[in-house]
Amino acid sequence: MKVYVIGCGRLNNDINLSYNNYNVGTRTNPKVETVWYQGPSYCVLIDHPEAGYVLYDIGSAPNSDELWPECITETCYYSPVEGETLTEGLAKLGLAPEDIKHIVISHMHMDHIGNIQLFKDTAEFWVSRPEAEFAFTTVMNGTDPTNHGFYNRADVLAELKVVHYVDEDCELFSGIHAVILPGHTPGVMGLVLELEDRNLILTSDSLNAQINYDGRLPGVIADTVSFYRSLDKIKKLQKRYDAMVWFGHDIAQFNSLKKIPEFYK
């Protein structure tokens, strides 16, 4: 297998939305200033010897600020980065969206399925059942986007060619293992990749960054108990596979990673 990182722009939000109670007022320091954090939106392309191209997440669309409802963009807005779109990344390997036949969705927040229209008619999708049920229920509980959290109704309800619902940890393809990691949302799905040179654990937003690996809760969290269980699970998997852990929105780690067309194997 070869593993490529494709940048999809940046997300900008109050740092407390990324790291729970990171910068809050206290009795002795009641007037704290807002700290804005800029994290990466990205996806991971896997060139598999049997399955072909498998894409983990599909990132943010380059016009996300126009597609997302105002209640989202007021809290977390998108900013483009020159040359960092999914289609531009794929083009570096001579690929187009229709060349990708398998898409694994970590969870259905707007910044992880923002390019869904590019693949809905040509690819097969994998998503955890608890995530799909929660996302669908959330956006179908009325049309008011202020009640949908970070699920963009248009994306969640996109008509897809085929959807496979994952109920438990399993091997999706040889050397590609799906692991269910609830906490951030009820059904975040990570991947364990068994590579020739190094093994990888892709956590998506079950761990936003190193600070969450160290134990701090994310700012957006559905279940704190499940978060700590998933953290323990990731650390056990890391030890078992002697793996490097990739976080969902860690800008320092993202900047250190090879970007497409360079790859890990």
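Since the model is a prediction, treat every value here as computed from it, not as a measurement.

Enquirer: Looking at this structure, I do not really get the packing of aromatic side chains. What am I missing?
Expert: The description of an aromatic ring pair rests on the distance of the ring centres and on the angle between the ring planes. Enumeration over the complete set of coordinates arrives at 11 aromatic pairs. The interplanar angle of 50 degrees and the centroid separation of 5.9 Å between the aromatic rings of Trp36 and Tyr77 together place this pair among those described as tilted. Of this pair, Trp36 sits in strand 2 (residues 36–48) while Tyr77 is found in strand 4 (residues 76–79), placing the two residues 41 residues apart along the sequence. A residue is classified by how much of its surface remains accessible, and Tyr77, at 34% relative accessible area, is partly exposed.

Enquirer: Whenever I open this one, the pattern of salt bridges confuses me. Can you help?
Expert: Any two side chains of opposite charge can pair, on the condition that their charged atoms come close. In total, this model carries six salt bridges according to the counting rule given. Among the salt bridges present, the one from Arg10 reaches Glu84, with a minimum N-O distance of 2.8 Å. One end of the pair, Arg10, is in strand 1 (residues 2–14); the other, Glu84, is in the loop between strand 4 and helix 4 (86–91), and 74 residues separate them in sequence. One exposure class covers both Arg10 and Glu84, and it is buried. Two residues, Asp169 and Lys233, come together in a salt bridge whose shortest N-O distance is 2.8 Å. Of the two residues, Asp169 sits in the loop between strand 7 (162–166) and strand 8 (170–173) while Lys233 sits in helix 8 (residues 224–241), which places them 64 residues apart along the sequence.

Enquirer: Mind showing me how you'd approach the pairing of strand 9 (residues 176–180) here?
Expert: Look at any regular strand and the pattern is simple: side chains alternate between the two faces of the sheet. Burial analysis of strand 9 places five of its five residues in the buried class, which makes it a mostly covered element. Of the two faces of strand 9, the one lined by Ile176, Ala178 and Ile180 and the one lined by His177 and Val179 are each fully buried. Two strands pair when backbone bridges link them, and strand 8 and strand 9 are joined in this way by three bridges, in the antiparallel orientation. Counterpart to Glu171 in the pairing with strand 9 is His177. The turn linking strand 8 back onto strand 9 is made up of two residues, and Gly175 within it adopts a positive phi angle of 80 degrees. Across five bridges, the pairing between strand 9 and strand 10 (residues 189–193) is antiparallel. Bridge assignment links Val179 to a residue of strand 10, and that residue is Gly190.

Enquirer: Sorry, what's going on with the sheet that holds strand 10 here?
Expert: Neighbouring strands of a sheet are bound in pairs by backbone hydrogen bonds; such pairs are parallel or else antiparallel. Reading across the sheet, the five strands line up as 8-9-10-11-12 and stay open at both edges, with mixed pairing between neighbours. Since the sheet does not close on itself, it has two edges, and those belong to strand 8 and strand 12 (243–246), each with one partner. Recorded for the sheet is a direction-independent mean angle of 25 degrees between the axes of neighbouring strands.

Enquirer: Is there a simple way to think about empty space enclosed by the protein in this case?
Expert: Any space left empty among the atoms is revealed by the rolling of a water-sized probe across them. The final tally for this structure, using the stated rule, is two cavities of 30 Å³ or more. When its volume is computed, the largest cavity comes out at roughly 210 Å³. Together, 16 residues line the largest cavity, and Leu11, Asn13, Asp111, Asp205 and His249 are the ones closest to its centre. Taken together, the elements giving at least two residues each to the lining of the largest cavity come down to strand 1, helix 1 (15–18) and strand 2. Around the second largest cavity, the lining residues are Tyr42, Cys43, Val44, Tyr56, Asp57, His112, Leu202, Thr203, Ser204, Trp246, Phe247 and Gly248. Sorting elements by how many residues they give to the lining of the second largest cavity places strand 2 first, with three residues.

Enquirer: What am I meant to see in helix 5 (residues 129–140) here?
Expert: Helical periodicity: at 3.6 residues per turn, an α-helix aligns residues three or four positions apart in one direction. Over its 12 residues, helix 5 runs 16 Å from end to end, which matches the ideal 16 Å to within 8%, given 1.5 Å per residue. When helix 5 is considered as a whole, its buried residues turn out to be Glu131, Ala132, Ala135, Thr138 and Val139. In an axial view of helix 5, the angular spread of the buried residues amounts to 140 degrees, which keeps them on one side of the axis. In helix 5, the exposed positions angled more than 90 degrees off the buried face are occupied by Thr137 and Met140. The secondary structure elements touched by the buried residues of helix 5 are strand 6 (124–128), helix 6 (153–156) and strand 7. Following helix 5 by one or two positions, Gly142 adopts a phi angle in the positive range, close to 100 degrees.

Enquirer: What's the story with the sheet that holds strand 2 in this structure? I'm lost.
Expert: With mixed pairing, the seven strands of this open sheet are ordered in space as 4-1-2-3-5-6-7. Either end of the sheet is taken by a strand with one partner, and the two such strands are strand 4 and strand 7. Mean inter-strand twist for the sheet, computed between neighbouring axes without regard to direction, equals 25 degrees. As paired elements, strand 5 (residues 102–104) and strand 6 share three bridges and run parallel to each other. Opposite Ile103, over in strand 6, you have Phe125 as the bridge partner. Strand contacts of helix 5: strand 6 and strand 7, with the helix running at about 90 degrees to strand 6, the strand carrying the most contacts.

Reading guide: rules and limits
Numbering of residues starts from 1 in every chain and runs along the sequence as written. Restriction of local features to residues with pLDDT of at least 70 applies here, the model being predicted, together with a cutoff of 80 or more for giving and counting side-chain atom pairs; totals for whole chains, interfaces and linings are based on all residues. Excluded from the side-chain calculations are hydrogens and water; all other atoms, namely the structure's heavy atoms, are used. Centres within 6.5 Å are what make two rings of Phe, Tyr or Trp a pair, Trp counting through its six-membered ring; a difference in plane orientation under 30 degrees is then read as stacked, over 60 as edge-to-face, and the rest as tilted. A run of DSSP states H or I qualifies as a helix once it reaches four residues; a run of E qualifies as a strand once it reaches two. Both are numbered from the N-terminal end. Burial classification: accessible surface area is computed with a 1.4 Å probe over protein chains only, and a residue below 20% of its type maximum counts as buried, one above 50% as exposed, and the rest as partly exposed. Salt bridge, as used here, is a side-chain nitrogen of Lys or Arg placed within 4 Å of a carboxyl oxygen of Asp or Glu. Here the rule is simple: two strands pair whenever DSSP picks up at least two bridges between them. Axis lines are fitted to C-alpha atoms, over the contacting stretch for helices. Their N-to-C directions set the angle, which ranges from 0 to 180 degrees. Cavity and pocket criteria rest on a 1 Å grid covering protein atoms alone: a 1.4 Å probe that fits but cannot get out defines a cavity, protein on both sides within 12 Å along at least 5 of 7 lines defines an open pocket, and an atom within 4 Å of a point defines a lining residue. Grid points are joined across faces, edges and corners, and a volume is the space filled by probe spheres set on the points. The span you would expect from a helix comes to 1.5 Å times its residue count less one. An arc is given here, and it is the one of the directions from the helix axis to the C-beta atoms. Contact definition: two residues touch when any of their heavy atoms are within 4.5 Å.

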